[in-house]
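One letter stands for each residue in the lines below.
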Amino acid sequence: MVPRWLKAAYYGLLSPAMRLNSARHRAIPLVLRRSRRAHLGPGQHNYLDGWINVDANVLSAKTDVWADLRFRLPFPSESLDAVYSHHVIEHLPDLDRHFHELFRCLRPGAVLRVGGPHGDNAIKAFVEQDLGWFGDWPTRRSSIGGRFENFIFCKSEHLTILTESFLRELAEGVGFVDFRVAAPGKTHYPEYFGNEVMVVEPNDRSDRPSTLLIEARKPMRS
């Protein structure tokens, strides 16, 4: 895990350049000739062929567009058919702004799929003292409280807790409709989300997954 001070230095130094690059892509969206589907935050190992992969890391990640996801996304309004992110939004400081940007970039009728740590199931496992539901990363912990803290905050890498009601509020608050939870490895929109995004984490138990996946649609104009 990269030290927080190093991440802060990286973003402090390079965020202005990333924001300028995002503005360039909004003004001259040549990357849209390749695809109309955006993958936010591929990191080092999750680059998706056939998608526009957007990430802030140009040192070790493979990316198509270099951008700071904390700010405006690098796409013109109503230019995308689908947006996908997996275990990204819990790292962002302003989810109201992020969901507004997702809504702005999607065409009417287009869809999003967003996944992150399942706060509802973590709370249930904690209340039931289900120690085995939790892993022992990033810090080895033997107590239920320590493992719960690991899961929710991840050494302060996670900035919020994601629950179904919270994500529904965020999505519907900016105008998304047909909000639904998807099981890991499943989708309500197979025409947009294929096998390449059907990620199942090692501890995603079928009865109580560790990843909360939500899908929603931007309404058609009346």
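Scroll up for the structure.
Throughout this description, residue numbers start from 1 for each chain and increase along the sequence as written. Owing to the predicted nature of the model, reporting of local features is limited to residues with pLDDT of at least 70; listing and counting of side-chain atom pairs is limited to 80 or more, with chain, interface and lining totals taken over all residues. To obtain the side-chain values, all non-hydrogen atoms of the structure were included, while hydrogens and water were left out.

**Remarks on the environment of P42**
Okay, so step 1: Runs of H or I in DSSP of at least four residues are treated as helices and runs of E of at least two as strands, each being numbered from the N terminus. Along the chain, P42 falls in the loop between β1 (37-40) and β2 (52-55).
Okay, so step 2: Sequence separation between P42 and I52 is 10 residues, and the spatial gap between their C-alpha atoms is 9.9 Å.

**Looking at a nonpolar patch on the surface**
Okay, so step 1: The grouping of I123, F126, V127 and I161 at the surface amounts to a nonpolar patch, some 310 Å² of accessible area in total.
Okay, so step 2: Within the secondary structure, I123 is located in helix α3 (residues 119-127).
Okay, so step 3: In this scheme, a residue with accessible area under 20% of its type's maximum is buried, one over 50% is exposed, and one in between is partly exposed, where area comes from a 1.4 Å probe on protein chains only. Relative accessible area serves as the criterion here: at 38%, I123 is assigned to the partly exposed category. Nonpolar side chains (Val, Leu, Ile, Met, Phe, Trp, Tyr) are joined into patches within 5 Å and like charges within 9 Å, using only residues with over 30% relative accessible area and no salt bridge. Here the Shrake-Rupley method, with its probe set to 1.4 Å, supplies the accessible areas, and only the displayed protein chains count as covering residues. Each reported salt bridge corresponds to a side-chain nitrogen of Lys or Arg within 4 Å of a carboxyl oxygen of Asp or Glu.

**Some points on the packing of aromatic side chains**
Okay, so step 1: Pairing of aromatic rings covers Phe, Tyr and Trp, the last through its six-membered ring, and needs centres within 6.5 Å; plane angles under 30 degrees mean stacked, over 60 mean edge-to-face, and all others mean tilted. This structure, assessed with the given rule, holds nine aromatic pairs.
Okay, so step 2: Here F103 and F176 contribute two aromatic rings whose centre-to-centre distance is 5.1 Å and whose plane-to-plane angle is 85°, an arrangement assigned as edge-to-face. A residue pair is termed long-range when its members are at least 10 positions apart, and F103 in helix α2 (residues 95-105) and F176 in the loop between α5 (164-174) and β6 (177-182) qualify at 73 residues. The two residues F103 and F176 agree in class, both being buried.

**Some remarks on unusual backbone geometry**
Okay, so step 1: Of the consecutive residues W137 and P138, the connecting peptide bond is found in the cis state with omega at 10°.
Okay, so step 2: Among the secondary structure elements, P138 is positioned in the loop between α3 and α4 (144-153).
Okay, so step 3: Positive phi, close to 55°, is recorded for H87, a residue that is not glycine.
Okay, so step 4: Inspection of the secondary structure puts H87 in the loop between β4 (80-86) and α2.
Okay, so step 5: Classification of H87 as partly exposed rests on a relative accessible area of 25%.

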